[in-house]
Amino acid sequence: MIDVIIRGIGGHMGRNVLELVENEEDMRCVAGVDIRPVKADVPVYASFTDVREKADVVIDFSSADGLEDELSWAERTGCALVLASTGYSEADLRRIDRCANTVAVFKTANLSVGVNILQALVRQAAAALGEQFDIEIVEKHHHFKKDAPSGTALMLAESANEAFAEKKHYVCGREGMVGARTQSEIGIHAVRGGTIVGEHEVIFAGEDEIVTLSHSARSKRVFAAGAVRAARFVCGKPAGKYDMHDVIAR
Ligand SMILES: NC(=O)c1ccc[n+]([C@@H]2O[C@H](COP(=O)([O-])OP(=O)(O)OC[C@H]3O[C@@H](n4cnc5c(N)ncnc54)[C@H](O)[C@@H]3O)[C@@H](O)[C@H]2O)c1
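Residue indices begin from 1 for each chain and proceed along its sequence in written order. Two thresholds apply to this predicted model, a pLDDT of at least 70 for residue-level local features and 80 or more for giving and counting side-chain atom pairs, whereas whole-chain, interface and lining totals are computed over all residues.

A. Highlighting the sheet that holds strand β1 (residues 2-7). We treat two strands as partners when DSSP finds at least two bridges between them. Counting from the N terminus, the helices are the DSSP runs of H or I reaching at least four residues and the strands are the DSSP runs of E reaching at least two. Taken in spatial order, the seven strands line up as β3-β2-β1-β4-β5-β6-β12 in an open sheet, and their pairing is parallel. Unpaired on one side and paired on the other, β3 (44-45) and β12 (240-242) mark the two borders of the sheet. Pairing geometry for strand β4 (residues 57-60) and strand β5 (residues 80-83), over four bridges, is parallel. Bridge pairing links Val 58 to Leu 81 in β5. Across the sheet, helix α6 (residues 221-234) lies against β1, β4, β5, β6 (104-107) and β12, angled at about 155 degrees from β5, the strand it touches most. Think of it this way: build a C-beta for each residue from its backbone, and any pair within 7 Å is a contact. Working convention: axes come from line fits to C-alpha atoms, limited for helices to the stretch in contact. Angles between N-to-C directions cover 0 to 180 degrees.

So, in structure tokens, the structure goes:
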């Protein structure tokens with residue numbers, strides 16, 4: 001039996017993950033962590049410092065806040081982590097890398113198989129089209145989303161950037177007299193509204209032709225299912241960092 005703790009158990013994603021975990025024969029949720037009071041059939045704690053249950057894996061769909069408590073708890077107990085939250089700072093990312101020296105850490109800004117395929121296509125297109133095509137990324141999400149641009153948009157920008165010896169810098173939104181666009185930019189634009197689950201469009205705009213690669217998530221269950229798959233994958237793995245590509249490559 002794989003024992004799971006869900007961080008952010010009261011949120012949109014946390015509730016979806018709980019439902020899926022409960023439907024798996026060899027998985028069960030033993031506790032939740034959430035800063036808001038949450039009614040659930042398992043104990044829910046405000047912080048990892050209060051957690052008494054043992055677990056094999058934490059699935060985290062919460063926020064970048066309170067990360068230190070979670071990572072030091074995992075290091076103490078040896079529990080694997082699936083970090084699906086977005087909005088981590090550079091310092092957070094370095095701390096996550098250090099944690100991966102002790103436990104197995106699965107981290108990705110996007111748990112859908114489709115987006116991970118899109119990432120590979122973006123890398124390929126950027127390499128083939130080269131400097132002559134301007135790259136702009138447009139992401140669209142529901143009006144509750146707190147961070148911008150999305151972690152997935154940044155992930156896609158990084159994939160495009162892998163094609164260039166001289167790395168391009170990211171320009172997040174434009175306003176006013178910004179001047180002509182330079183080739184050293186990747187533009188990233190965030191649209192927020194309604195219940196949009198998650199749309200990403202990568203535009204390669206060249207002289208008289210445009211190539212557009214896109215992905216559209218139609219329900220949050222795509223991400224929850226990816227998280228359950230990731231949790232199953234990372235359990236019992238040696239310390240290190242893993243992502244969706246490791247799961248797809250299996
Ligand atoms: N990797 C992916 O594929 C993927 C997909 C969807 C969402 N996300 C990310 O997952 C996160 C949650 O998304 P959501 O739509 O469920 O948001 P949400 O606001 O509905 O839920 C977040 C939950 O986490 C709790 N929370 C916030 N900060 C916390 C903390 N410090 N400690 C404990 N609990 C905390 C909140 O109380 C809430 O219940 C966001 O960062 C989002 O970008 C990632």
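B. Structural context of the site of the ligand. Near the ligand there are 25 residues, and of these Gly 8, Gly 11, Met 13, Ser 62 and Gly 66 occur at the shortest range. Classification convention: Asp, Glu, Lys, Arg as charged; Ala, Val, Leu, Ile, Met, Phe, Trp, Tyr, Cys, Pro as nonpolar; all other residues, Gly among them, as polar. Its residues assigned to classes, the shell around the ligand comprises eight nonpolar, 13 polar and four charged. By convention here, the C-beta atom is placed from the backbone, and a residue is near a molecule or strand when that atom is within 6 Å of it.

C. Geometry of the packing of helix α4 (residues 113-129) against helix α5 (residues 151-161). Look at α4 against α5: their axes get within 8 Å of each other, and the N-to-C directions meet at 35 degrees. For the element pair α4 and α5, the recorded crossing hand is right-handed. On the side of α4, the interface is formed by Val 115, Gln 119, Val 122, Arg 123 and Ala 126, while α5 contributes Thr 152, Met 155, Leu 156, Ser 159 and Ala 160. Of the residues belonging to the contact of α4 with α5, the class tally is six nonpolar, three polar and one charged. If you view the pair so one helix is near and one far, a crossing is left-handed when the near helix is turned anticlockwise from the far one by less than a right angle, and right-handed when it is turned clockwise.

D. The arrangement of the pairing of strand β2 (residues 27-33) in detail. Where β1 meets β2, six bridges bridge the pair, whose relative direction is parallel. By the bridge assignment for β2, Ile 2 is matched with Met 27. Looking down the strands as they point away from you, a crossover is right-handed if its path from the first strand over the helix to the second goes clockwise. Tracing the backbone out of β1, into helix α1 (residues 12-23) and back to the parallel element β2 gives a crossover that is right-handed.

E. Spatial organisation of the nonpolar core. A set of buried residues qualifies as a nonpolar core if it consists of Ala, Val, Leu, Ile, Met, Phe, Trp, Tyr and Cys joined through C-beta atoms within 7 Å. With C-beta atoms placed from the backbone, the exposure class of a residue follows from how many other C-beta atoms lie within 10 Å of its own: 20 or more, buried; 12 or fewer, exposed; in between, partly exposed. Membership of the largest hydrophobic core comes to 44 residues, with the highest contact counts inside it found for Val 57, Ile 59, Leu 81, Val 82 and Ala 227. At the level of secondary structure, the elements contributing two or more residues to this core comprise β1, α1, β2, β4, α2 (67-77), β5, β6 and α6. For this core, the element with the most residues is α6, which contributes seven residues. If near-sequence neighbours (up to four positions away) are discounted, Leu 81 is found in contact with Val 58, Asp 60, Ala 74, Val 103, Val 105 and Phe 106.

F. Inspection of the sheet that holds strand β9 (residues 185-192) at higher detail. One open sheet holds the five strands; their spatial order is β8-β9-β7-β10-β11, and the pairing between them is mixed. Two strands lie at the open edges of the sheet, namely β8 (169-172) and β11 (210-217), each paired on one side alone. In this sheet, adjacent strand axes meet at a mean angle of 15 degrees when their direction is disregarded. As defined by bridge partners, strand β10 (residues 198-205) adjoins β11 across eight bridges and the pair is classed as antiparallel. The residue of β11 that forms the bridge with His 200 is His 215.

G. The arrangement of the domain arrangement of the chain in detail. The split into domains, and so the bounds of each, comes from an automatic or database assignment of domains. For the chain, the assigned domains read domain 1 (2-107 + 220-248) and domain 2 (113-217). Each of domain 1 and domain 2 has a C-alpha centre, and these two points are 28 Å apart. At the interface, eight residues of domain 1 touch seven residues of domain 2. Counting residues per element, the ones that place at least two in the side of domain 1 that touches domain 2 are α6 and α7 (244-248).

H. Fine view of the packing of α1 against α6. At a minimum axis separation of 9 Å, α1 and α6 run at an interaxial angle of 55 degrees. Here α1 is positioned oblique relative to α6, judged by the angle of their axes. When you trace α1 past α6, the crossing you get is right-handed. Facing α1, whose interface residues are Met 13, Asn 16, Val 17, Leu 20 and Val 21, α6 presents Arg 221, Phe 223, Ala 224, Ala 225, Ala 227 and Val 228. Counted by class, the contact of α1 with α6 contains nine nonpolar, one polar and one charged residues. For this classification, under 35 degrees means roughly parallel, over 145 means roughly antiparallel, 65 to 115 means roughly perpendicular, and everything else is oblique.

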